[in-house]
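# Report on the structure
Here is how the chains run, residue by residue.
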Amino acid sequence: MNNKKKIYTVATAHLDTVWSWDFETTVSKYIYNTLVDNFKLFEKYPTYKFSFEGSYRYELMEEYYPELFEKMKEYIKQGRWNVCGSAFENGDVNIPSPEALFRNILFGNSYFDEKFGKRSVDIYLPDCFGFGWALPSIANHADLMGFTTQKLAWGSAYGTPFDIGKWRGVDGKEIYASVNPHDYYFTLTKLRNWDFVQKKLKENEKYGLDMTYIFHGIGDRGGAPKEESVAFVEEEIKKNDKSDIEVIAASADEIYHDIEDNFTPEQKEKLPLWDNELVMKDHAVGGYTSRAIGKRWNKRCEELANIAERASITASYLGAKSYNTQALNRAWKRFIAHQFHDDIPGTSAHVR
C-alpha cells in the first residue's frame, strides 16, 4: 500500500431482465440503450470505465445487435467496458441449488472467456434479496475472489457488517466482500469530502485498509450513468496529483485483485470477517413466499437436470450413447434464466 487513500468508483447500469416490464422490452430497448449510451461516454470521457454483469445479457447483445456487439468487444479489449459478476444470470442465490449456482458461474465465465478472453473474479449482485451462508463457499470453490452488493443497506437482518472485509462460508472458505458501496443508481456530485466516504475511510483505518468502494450509475433499466456523474469522476481523477486521496475509475472486481496481489498475509488476516448468512429482514419476505408454483417447477427442473446428468454420464461410460453437452447446457440455461432475482422470488410481472 502507498501513502494515499483510494476511492474505487465503479460505474454500472443495473438491468433487471424482467421486472415491471416484459422480456421483449428488455431486448428491444434496455439492452440497446446500455450499448449506445455507454459508447457515447467512452468517446467523450477518456478515463471512463463501465462494469456490466450477466453473460445472458451479452448473448442477447450478440444475437440482436451484432454490429454493436463487435464495437463493444473493442472497448472490452481496451479495458474500458468490463465484464463482471462471473455468472450467466444475475440470479437469486437462496432458492437455487448449489449445483445451479455452480452452473450459473460456469456458463457465465466460460462465455466471457470464449468471446472476450476475459473472466471476472466476483459475485456481483447489487440488487438481490439476501445471501445465504453457502454463497462464499461456492464462490471460493469456483475460484472467485470477491462479492459485491449494496442491498444490505435496504434492510439486512444483521445490518452492514463492514465496508470491505472477508466473508466466510459454511465450510470455512472465504472471499473478499464489499457490502456498503452506496446505491448503484447514484449520481456522484461529491466524493473526497463526502461525509459518507470519509466515515468509511476512517472506519477502514482500524483494519489497515486505505481504500473504499463507491457505486455510481443507473438502474433498473440498463443504460449508463448520468453524464454529470461521469464528468465529475473525471475531474476528480485530474486532482489526484494534488490530493492525499486517489480517485480511481475501477472495474467491479479491481479492488479484489489489488487486495489479493498487494496485501501481505498479515494485512489480509487483519481484515474484518463475517461468518454468517447475510439475509434480508424486510425486502425478501414477500418474494420468498409468493408465486409458489414457479419455485415448485424450478425445483423440479433441478431434479430432472440431476437425473439427466447421471443418466447421460452412465450411458457415455458404458458406450451406449454420447454425452449430449449441447442439449444439457441448453436446458440448464433455460431455467437458470428464470432464477433471475426478480423472477424466481416472484417480484416481477409474470410476463416472460
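Everything that follows concerns the structure shown earlier in this document.
Quick look at the structure, then. Predicted model, so just to flag it, every value in this text is computed and none were measured. (Residues numbered from 1 in each chain as written. Predicted model: local features only at pLDDT ≥ 70, side-chain atom pairs only at ≥ 80, totals over all residues. Heavy atoms only, no water.)

### Here we look at the pairing of strand β2 (residues 50–53)
Of the two faces of β2, the one holding Phe50 and Phe52 and the one holding Ser51 and Glu53 are both buried throughout. Pairing between β2 and strand β3 (residues 81–84): four bridges, direction parallel. When the bridges of β3 are listed, Phe50 appears paired with Trp81. (Buried < 20%, exposed > 50% of the residue type's maximum accessible area, 1.4 Å probe, protein only. Helix = DSSP H or I, 4+ residues; strand = E, 2+ residues; numbered from the N terminus. Pairing = 2+ DSSP bridges.)

### A short note on the packing of helix α4 (residues 98–116) against helix α11 (residues 325–336)
The interhelical angle for the contact between α4 and α11, taken along N-to-C directions, is 105°, at an axis separation of 11 Å. With respect to each other, α4 and α11 are oriented roughly perpendicular. Residues Glu99, Ala100, Arg103, Asn104 and Phe107 of α4 lie in contact with α11, whose contacting residues are Asn329, Trp332, Lys333 and Ile336. Residues that form the contact of α4 with α11 fall into these classes: four nonpolar, two polar and three charged. (Axes fitted to C-alpha atoms, helices over the stretch in contact; angles between N-to-C directions. Parallel < 35°, antiparallel > 145°, perpendicular 65-115°, else oblique. Contact = heavy atoms within 4.5 Å. Nonpolar A, V, L, I, M, F, W, Y, C, P; charged D, E, K, R; others polar.)

### Thoughts on the packing of aromatic side chains
Under the definition given, this model contains 32 aromatic pairs. Ring geometry for Phe50 against Trp81: centres 4.9 Å apart, planes inclined by 75°, an arrangement best described as edge-to-face. A residue pair is termed long-range when its members are at least 10 positions apart, and Phe50 in strand β2 and Trp81 in strand β3 qualify at 31 residues. The exposure class of Phe50 is buried, given its relative accessible area of 0%. Of the residues examined, Trp81 reaches a relative accessible area of 0% and is grouped as buried. (Phe/Tyr/Trp six-rings, centres within 6.5 Å; stacked < 30°, edge-to-face > 60°.)

### Overview of helix α6 (residues 195–204)
Along α6, the residues that are buried comprise Val197, Lys200, Leu201 and Asn204. Across the axial projection of α6, the buried residues extend over an arc of 95°, all falling on one side. Residues Asp195, Lys199 and Lys202 are exposed on α6 and point more than 90 degrees away from its buried face. Looking at the buried side of α6, the elements it contacts are β1 (5–15), β7 (164–168), β9 (211–220) and β10 (245–249). (Arc of directions from axis to C-beta.)

### With respect to the nonpolar core
If you look at the biggest cluster of nonpolar residues, it comprises 30 residues, and the most contacted ones within it are Leu35, Tyr48, Tyr58, Met61, Met72, Trp81 and Phe116. When residues of this core are traced back to their parent elements, those giving at least two are β1, α1 (23–44), β2, α2 (55–64), α3 (66–77), β3 and α4. It is α1 that provides the largest number of residues to this core, a total of seven residues. The residues contacting Met72, other than those within four sequence positions of it, are Leu35, Phe39, Tyr58, Met61, Trp81 and Phe116. Val93, Leu101, Phe147 and Ala284 belong to the second-largest nonpolar core, a separate cluster that totals 23 residues. (Core = buried A, V, L, I, M, F, W, Y, C linked by side-chain atoms within 4.5 Å.)

### Side note on the sheet that holds β7
With mixed pairing, the five strands of this open sheet are ordered in space as β4-β6-β8-β7-β11. With partners counted over all chains shown, the strands left at the sheet margins are β4 (122–124) and β11 (273–274), one partner each. As paired strands, strand β6 (residues 146–148) and strand β8 (residues 174–178) are joined by three bridges and run parallel to one another. Across the sheet, Thr148 pairs through a bridge with Ser178, a residue of β8.

### Things to note about the pattern of salt bridges
Applying the stated criterion across every chain, the model contains 25 salt bridges. For Lys73, the salt bridge identified is with Glu70, shortest N-O distance 3.8 Å. Of this pair, Lys73 and Glu70 both sit in helix α3, three residues apart, which is roughly one turn of the helix. The partner of Arg168 in a salt bridge is Glu174, and the shortest N-O contact between them spans 2.6 Å. Look at Arg168 and you get partly exposed, because its relative accessible area is 25%. Residue Glu174 is classed as partly exposed on the basis of its relative accessible area, which comes to 24%. One salt-bridge network, in which partners are shared between bridges, spans Lys166, Arg168, Glu174 and Asp275. (Salt bridge = Lys/Arg side-chain N within 4 Å of Asp/Glu carboxyl O.)

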